[in-house]
Amino acid sequence: MKFLVATLPCALLIAAAPMSAGAQAANGKQAATAATKPAPKKASRKKVKPANGVKAIEEAVEVDDDPHVELAADELEIAKKVHVGDIPCELGATVHITPHKKRAGFFIVRAGIQRFRMQPVASRTGAIRLEDPRAGAMWLQLGNKSMLMSQKMGRRLADDCKAPDQAVLDAHLKKNPLPSLLEPLPAAKADAPADPAVTPAVAPTAAAPAADAAK
């Protein structure tokens, strides 16, 4: 009886040893799996390739991330110049712009299944600019066309959008393009001094009557 009492703890230790080894092996396997599992890739923000002129400047300006904004007097004036309604864009897309029913100066801008609540923002180029701070979206209205872009996704959602007034101006500019900044204006060409090398030799003939009068 004493022998059984003495050997019982040893038997329990021997039986528990394989279980402890198995638990350690399982833990080691989980640690190895976690170590070899690749870390999740961070979402990279694509950069928008800027266009020329006003578009390049406006696209480079980040959308303000403060949605709690009270519009100033100059921003309310900007809101009055925004084209509203269904505005056709390239590739058969359409942007729908409607004034917000509860907040003066704000607009609901829809393109496909995407919907934005936008507010006017003073731009550095003088263009009409609307922003949705939460979605990181921007509507840029130029004289002859507009565009909708998402700076959060890094791409344009709609381009070459034209309200009726913009379409008229765009057609006029295609027929009468603006002069290049690298060329002098027509008035400057007319007022330019004449080149003596190509001036007709009429001065002596014109001076002859004056010489005869002197005699």
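It should be emphasised that the depicted structure is a prediction, and the values quoted were computed from it without experimental measurement.

Backbone-to-backbone hydrogen bonds join strands into a sheet, with any given pair of strands oriented parallel or antiparallel. The sheet built from eight strands is open, its strands ordered 1-2-3-4-5-6-7-8 with antiparallel pairing. Edge positions in the sheet fall to strand 1 (85–88) and strand 8 (155–161), since each of these pairs with one other strand and no more. Strand-to-strand, the axes of this sheet are offset by a mean angle of 25°, without reference to chain direction. Two strands pair when backbone bridges link them, and strand 6 (residues 137–141) and strand 7 (residues 146–150) are joined in this way by five bridges, in the antiparallel orientation. The residue bridging Met-138 from the neighbouring strand is Met-149, located in strand 7.

Secondary-structure assignment places Ala-137 in strand 6. Spatially, the C-alpha atom of Ala-137 lies 10.0 Å from that of Val-109, the residues being 28 residues apart in sequence.

On to the confidence of the model for the chain. For the chain, the average pLDDT comes to 73, and 51% of its residues sit at 70 or higher. In this model residues 43–51 is a low-confidence stretch, pLDDT under 50, and it forms 16 contacts with partners more than four residues away in sequence or in other chains. Low pLDDT (under 50) marks residues 198–211, which in the prediction has one contact with non-local residues, meaning those over four places away or in another chain.

So, on to the environment of His-172. Its location among the elements puts His-172 in helix 4 (residues 164–175). Exposure remark for His-172: the relative accessible area of 44% places this residue in the partly exposed category. Distance in space between the C-alpha atoms of His-172 and Asn-144 is 9.5 Å, their sequence separation being 28 residues.

What follows deals with the state of the cysteines. Between two cysteines, a covalent bond joining their sulfur atoms is known as a disulfide. Across all of its chains, the model carries one disulfide by this definition. Two residues, Cys-89 and Cys-161, share a disulfide whose sulfurs are 2.0 Å apart. Between Cys-89 and Cys-161, the disulfide has an S-S torsion of 105° and is therefore right-handed. With Cys-89 in the loop between strand 1 and strand 2 (94–99) and Cys-161 in strand 8, this residue pair connects regions lying 72 residues apart in the sequence. In terms of burial, Cys-89 and Cys-161 fall into one category: buried.

About the cut-offs
Residues numbered from 1 in each chain as written. Predicted model: local features only at pLDDT ≥ 70, side-chain atom pairs only at ≥ 80, totals over all residues. Heavy atoms only, no water. Pairing = 2+ DSSP bridges. Helix = DSSP H or I, 4+ residues; strand = E, 2+ residues; numbered from the N terminus. Axes fitted to C-alpha atoms, helices over the stretch in contact; angles between N-to-C directions. pLDDT = per-residue confidence, 0-100. Contact = heavy atoms within 4.5 Å. Buried < 20%, exposed > 50% of the residue type's maximum accessible area, 1.4 Å probe, protein only. Disulfide = S-S within 2.5 Å.

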